[in-house]
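# Close look at the chain arrangement
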Amino acid sequence: MDAAVDASTSQFELTEEQRAIQEMAEAFAADRVAPNALDWDRAKHFPADVIRETGPLGLGGIYVRDDVGGSALGRLDAVLIFEALARADPAFSSFISIHNMAASMIDRFGSEEQRQRFLPRLTSMEWLASYCLTEPGSGSDAAALKTRAVKDGGDYVLNGAKQFISGAGDSDLYVVMARTGADGPKGISTFVVPRDAPGLSFGANEHKMGWHMQSTRQVIFEDCKVPAENLLATEGAGFGIAMAGLDGGRLNIAACSLGGAQSALDKALSYTGERKAFGSKINQFQALQFRLADMETELQAARIFLYAAASKLDRKAPDAGKWSAMAKRFVTDVGFDVANEALQLHGGYGYLHDYGVEKLVRDLRVHQILEGTNEIMRVIIARALIGR
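For the structure given in this document, a descriptive report is provided here. (Residues numbered from 1 in each chain as written. Predicted model: local features only at pLDDT ≥ 70, side-chain atom pairs only at ≥ 80, totals over all residues. Heavy atoms only, no water.)

## Let's talk about the overall build of the protein
Broken down by element type, the protein carries 12 helices and 10 strands. Its C-alpha atoms give the protein a radius of gyration of 21 Å, within 12% of the compact-globule value 21 Å for 388 residues. When the backbone C-alpha atoms are referred to their principal axes, the protein occupies close to 80 × 45 × 40 Å. For the protein, with 388 residues in total, the buried portion stands at 55%. Counted over contacts in the protein with a minimum sequence separation of 6, partners at least 24 positions apart contribute 74%. Accessible surface for the protein amounts to roughly 15800 Å². Of this, 53% is attributable to carbon and sulfur atoms. Distance from the positive charge centre (41 side chains) to the negative charge centre (50 side chains) of the protein: 5 Å. (Helix = DSSP H or I, 4+ residues; strand = E, 2+ residues; numbered from the N terminus. Rg over C-alpha atoms; globule rule 2.2 N^0.38 Å. Buried < 20%, exposed > 50% of the residue type's maximum accessible area, 1.4 Å probe, protein only. Contact = heavy atoms within 4.5 Å. Areas by Shrake-Rupley, 256 points an atom, 1.4 Å probe, with all protein chains shown as cover. Lys, Arg positive; Asp, Glu negative; His and termini not counted. Charge placed at Lys NZ, Arg CZ, Asp CG, Glu CD.)

## A closer look at unusual backbone geometry
With phi around 70°, Met125 is a residue other than glycine that occupies positive phi space. Mapped onto the fold, Met125 is located in the loop between helix H7 (112-123) and strand E1 (129-132). The phi angle at Lys316 is positive, at roughly 55°, despite the residue not being glycine. Locating Lys316 in the fold gives a position in the loop between helix H9 (286-315) and helix H10 (320-345). Residue Lys316 is classed as exposed on the basis of its relative accessible area, which comes to 71%.

## A look at the pairing of strand E4 (residues 173-179)
Here E4 lies mainly inside the structure; 7 of its 7 residues are buried. Pairing analysis gives 4 bridges linking E1 to E4, with the strands arranged parallel. Its bridge partner lying in E4, Tyr131 is registered against Val175. Pairing of E4 with strand E5 (residues 188-194), which is carried by 7 bridges, proceeds in the antiparallel orientation. Note on E5: the bridge partner recorded for Met177 is Thr190. (Pairing = 2+ DSSP bridges.)

## Things to note about the nonpolar core
Counting residues in hydrophobic clusters, the biggest one holds 100 residues, and the most contacted among them are Ile51, Phe92, Leu122, Tyr131, Met177 and Leu306. Per-element accounting of this core gives the leading share, 14 residues, to helix H8 (residues 238-272). Contacts of Leu122, omitting those with residues within four sequence positions, involve Gly60, His99, Ala103, Ile106, Trp127, Leu128, Ala129 and Leu173. The next biggest cluster of nonpolar side chains, apart from the first, holds 18 residues, and it includes Val176, Ala178, Val226 and Leu231. (Core = buried A, V, L, I, M, F, W, Y, C linked by side-chain atoms within 4.5 Å.)

## Notes on the pattern of salt bridges
For the structure on display, the rule yields 24 salt bridges. In this structure, Glu83 engages Arg303 in a salt bridge whose closest nitrogen and oxygen atoms are separated by 2.9 Å. A residue pair is termed long-range when its members are at least 10 positions apart, and Glu83 in helix H5 (residues 75-86) and Arg303 in helix H9 qualify at 220 residues. For the pair formed by Glu83 and Arg303, the shared burial category is buried. For the salt bridge of Arg291 with Glu341, the shortest nitrogen-to-oxygen distance reads 2.5 Å. Here the residue Arg291 occupies a position in helix H9, and Glu341 occupies one in helix H10, the gap between them amounting to 50 residues. Of the residues examined, Arg291 reaches a relative accessible area of 34% and is grouped as partly exposed. Residue classification places Glu341 among the partly exposed residues on the basis of a relative accessible area of 23%. Within the structure, one salt-bridge network assembled from shared partners comprises Arg65, Asp67, Asp107, Glu112 and Arg115. (Salt bridge = Lys/Arg side-chain N within 4 Å of Asp/Glu carboxyl O.)

## Quick word on the pairing of strand E7 (residues 216-227)
As defined by bridge partners, strand E3 (residues 155-166) adjoins E7 across 9 bridges and the pair is classed as antiparallel. Looking at the pairing, Ile165 lines up with Arg217 of E7.

## Let's talk about a nonpolar patch on the surface
Among the surface-exposed residues, Tyr349, Leu352 and Tyr355 lie close enough to one another that they form a single nonpolar patch of about 260 Å² accessible area. Topologically, Tyr349 is positioned in the loop between H10 and helix H11 (357-365). (Patch = residues over 30% accessible without salt bridge, like charges linked within 9 Å, V, L, I, M, F, W, Y side chains within 5 Å.)

Here is the structure:
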């Protein structure tokens, strides 16, 4: 573990178990993810085989209860894992986060029968899962979703489409928000839809700026039949289920930004210690030293902020939602800025794929958009401040 990460984690007096979890994730990422990340990005390859290798490590159900194979860890533990994985590849780490969000919703809101039916295969990573909320016409305004589910005997019939779904076409299960009632949040329900459900199909893989190792497609429902026993909780509970998953999801995506940005800073430190100009290594120029100092300061502030927010969520603090929104906004903005600055410090080489910095810039940009845009984070924070 490098000194930069160790110095800040000590602020939270990590337990021996937490340090072991962190080191396990770092070792796996260094051995199985980092050597392949650029090739996966270049080929737009979804490494399902390597993703499944995280199951035996306990990363398929990080905060799922242990009776179904979960690790039953806390949110700070999860943040440490996603940060460590993201230092090797933020896109890889982000998919593990999405899978865990879907699995935790089933664990938290599913019946005992549903938990036993779905979760052992999810926690082992035999099955991969995706989360389906966003639609072509509803992103930030999630309560306006149009995908509809109509009860038909022992089934629900779904019609509509979901947009920007990570893992679509590759995942085995889809946790889907669909409308069973009137307009607005109270009319939304949650369904677990298997990949082989009749009437389920997928759009073309999107051409994206980053996250190339993840497939991103529309999920399309055309008279898609889902057994009624795949309804999570009750009709009308879906919006609450969706929102309950987002606080943790925001911390996870912030952790992915933090890990990616730390990798960018590490690359910048290495490069500037080797590159020479005007007879000196460029890290001897004070103007450049100041930029490195600011990057380090901002990353450490982001790390401490994120760990504090995760600790609040673990303690179920009343203001945990506000802190999750603040951490997501702050850490993802800092993460992108640090990666972008690292690219600038590499000069023309930073623009080349083989150096890995431009990939980090591309991957981290979307973190300011998903799990609620950073503008929506500001809305959440402001509402908490003024009591709405």
